[in-house]
Amino acid sequence: MRLNDQGATSFSASTVHLEHITTALNCLTPFGSKEDVLIFIDEDGLSFARECNHIIWIQLFLSKELFISYSYENEDETQTKLCLKINHLLDSVNVASRNADDVVECTLSYKGYGSPFILTFEDSLISERVEYSTYLSGRFDNSGLELDRNQILFECIVKGDILHAVIKDFKEIGCKDCYLYAELDEDGNNMFALISKSQLGFSRIKLPNSRSILEKIEVYDSDSTTMVYGKPVVGFFDFNCFDKIRQSTKVASKVLLRMDAHGLLSVNILSQTDDVLIADTRNSSGRLPQLPKDYPGIVIEVCMLEKESIDESAQAEIRLLMEDSEQERSKKIPRRSKKRHSIANDSPADNLLGLPNAKLNPPNTNPRLNNDNVEDAGQSKETSYPPSDLPLFF
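Asks: Outline the overall build of the chain, listing residues and values.
Replies: A tally of helices and strands in the chain yields nine helices and 18 strands. Expressed as a percentage of the 394 residues in the chain, the buried residues total 40%. In the chain, once contacts between residues fewer than 6 apart in sequence are set aside, the share between residues at least 24 apart is 71%. A total of about 22800 Å² of accessible surface is found on the chain, and carbon and sulfur atoms cover 47% of it.

The structure is reproduced here in structure tokens:
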């Protein structure tokens, strides 16, 4: 019995950008380097998906513009699904991309259910063919991991390298739990911060409210349309789960974060072709073929669930941490310059130095005035004054 119909499905695509494909597939390894990856093939390109413990889901898309030639035909369905081991596919592409002396062309082909997924590598001297058995797995289930676009609580756009640096810093200090804090201010002082909880305690990184770093931030009243001010939204996530997006943010130019009322966080990652970091730096001698101008770049979407709901006491603790204590202290301390100015203006003729509760009497030029009369005038015996014809220097 034949498991596949040669006329039902036919897929073939060729590319020379193996380093770029390696960089893209490396974003899947934090979700399981030796696990199955689900591949979707359609007229627009290839998608690679992984799901971990029903709490996080990643889908990576490579557009057909990345390939020199792209052909897909399917008589029955609009989309074809198959499963492979991600490490098998990544190892083959890695080995072929190490040839820095020649351009290697890779052709991916697939003939339908039951047929192998074939990779053919060719350069000017040799041709190599690798076949991988394909199968379908019922373990992939992303139900409950889809963003409810009608009940979004907040969304923001962050620069990719900034978010990668924050996650990397949290990893170095041994972060256990991660909080996302978003709040709008009517005066425009909007706030978005990431908070780490580790053995060292709480620490926060507040992103500057600049469009070059924090391009957009909006907080909604659970309806995706009505914006609210002064009402923060806090998301609570296990850092081991949140850290899985670190490799993806490394190649990202922009990251869109959205969280809905059900505690689901959606992370959309876009890497423009100019910002992609090549995984193998040994081939970065300038001889690499340039990516097509119409290629949109690597597109990644990650959905993850909150660790647990945050009670009111925990929210109050996070809000206390986010208060600007320095600003509050500045409101309580009066400005010294204003105080000096008011004192000097009260009686400028009586108190030249601005000393409080002090009054200088003019010097006495009468030598017959004894010390007793000086005491009666309100001055002490030890006080001496310069002659009236000498100037005072301040």
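Asks: Any details on helix H3 (residues 160-172)? Residues and values, ideally.
Replies: Look at H3: 19 Å from first C-alpha to last across 13 residues, which is about the 18 Å you get at 1.5 Å a residue. Taken residue by residue, H3 has Gly160, Leu163, His164, Val166, Ile167 and Phe170 as its buried positions. Viewed along the axis of H3, the buried residues span an arc of 160°, placing them on a single side of the element.

Asks: Kindly report on helix H1 (residues 18-26), identifying the contributing residues and their values.
Replies: Extensive coverage of H1 is indicated by the burial of nine of its nine residues. Turning to H1, its buried residues number three or more, namely Leu18, Glu19, His20, Ile21, Thr22, Thr23, Ala24, Leu25 and Asn26.

Asks: Describe the pairing of strand E1 (residues 9-15), and please don't skip the residues or the numbers.
Replies: Of all seven residues that make up E1, five are buried, and the element is covered over most of its length. Relative to strand E5 (residues 69-74), E1 runs antiparallel, the two sharing six bridges. The residue bridging Thr9 from the neighbouring strand is Asn74, located in E5. Direction of pairing for E1 relative to strand E7 (residues 105-110): antiparallel, over a ladder of five bridges. Along E7, the bridge assignment pairs Thr15 with Cys106.

Asks: Tell me about the side chain of Thr120, residues and numbers included.
Replies: For Thr120, the position within the fold is in strand E8 (residues 117-122). You can call Thr120 buried: its relative accessible area is 15%. Excluding residues that lie within four positions of it along the chain, Thr120 makes contacts with Glu105, Cys106, Thr107, Ser127, Glu128 and Arg129.

Asks: If you had to explain unusual backbone geometry to someone new, which residues and values would you point to?
Replies: In this structure, His54 is a non-glycine residue whose phi angle is positive, near 60°. Mapped onto the elements, His54 comes out in the loop between strand E3 (45-52) and strand E4 (56-63). Using a relative accessible area of 47% as the deciding quantity, one classes His54 as partly exposed. In this structure, Ser224 is a non-glycine residue whose phi angle is positive, near 70°.

Asks: I'd like to hear about the packing of aromatic side chains, residue by residue, with values.
Replies: Enumeration according to the criterion identifies eight aromatic pairs in this entry. Summarising the aromatic geometry, the rings of Tyr179 and Phe202 are spaced 6.2 Å apart at their centres and angled 45° between planes, so their arrangement reads as tilted. Of this pair, Tyr179 sits in strand E11 (residues 177-183) while Phe202 sits in strand E13 (residues 201-206), placing them 23 residues apart in sequence. Owing to a relative accessible area of 7%, Tyr179 belongs among the buried residues under this scheme. Considering the side-chain rings of Tyr179 and Phe236, the 4.7 Å spacing of their centres and the 10° angle between planes classify their relative orientation as stacked.

Asks: Now, about the sheet that holds E5: what can you tell me, with residues and values included?
Replies: Taken in spatial order, the five strands line up as E5-E1-E7-E8-E9 in an open sheet, and their pairing is antiparallel. With partners counted over all chains shown, the strands left at the sheet margins are E5 and strand E9 (127-132), one partner each. In this sheet, neighbouring strand axes are inclined to one another by 15° on average, regardless of whether the strands run parallel or antiparallel.

Asks: Now, about the pattern of salt bridges: what can you tell me, with residues and values included?
Replies: In this structure the tally under the stated criterion is seven salt bridges. Arg129 is the salt-bridge partner of Glu131, the closest N and O atoms lying 3.0 Å from each other. The exposure class assigned to Glu131 is partly exposed, which follows from its relative accessible area of 47%. A salt bridge links Lys231 to Asp221, with the shortest nitrogen-to-oxygen separation between them at 3.8 Å. In this pair, Lys231 is assigned in the loop between strand E14 (214-219) and strand E15 (233-238) and Asp221 in the loop between E14 and E15, connecting sequence segments ten residues apart. Classification of Lys231 as partly exposed rests on a relative accessible area of 47%.

Cut-offs used in this document
Residues numbered from 1 in each chain as written. Predicted model: local features only at pLDDT ≥ 70, side-chain atom pairs only at ≥ 80, totals over all residues. Heavy atoms only, no water. Helix = DSSP H or I, 4+ residues; strand = E, 2+ residues; numbered from the N terminus. Buried < 20%, exposed > 50% of the residue type's maximum accessible area, 1.4 Å probe, protein only. Contact = heavy atoms within 4.5 Å. Areas by Shrake-Rupley, 256 points an atom, 1.4 Å probe, with all protein chains shown as cover. Expected span 1.5 Å × (residues − 1). Arc of directions from axis to C-beta. Pairing = 2+ DSSP bridges. Phe/Tyr/Trp six-rings, centres within 6.5 Å; stacked < 30°, edge-to-face > 60°. Axes fitted to C-alpha atoms, helices over the stretch in contact; angles between N-to-C directions. Salt bridge = Lys/Arg side-chain N within 4 Å of Asp/Glu carboxyl O.

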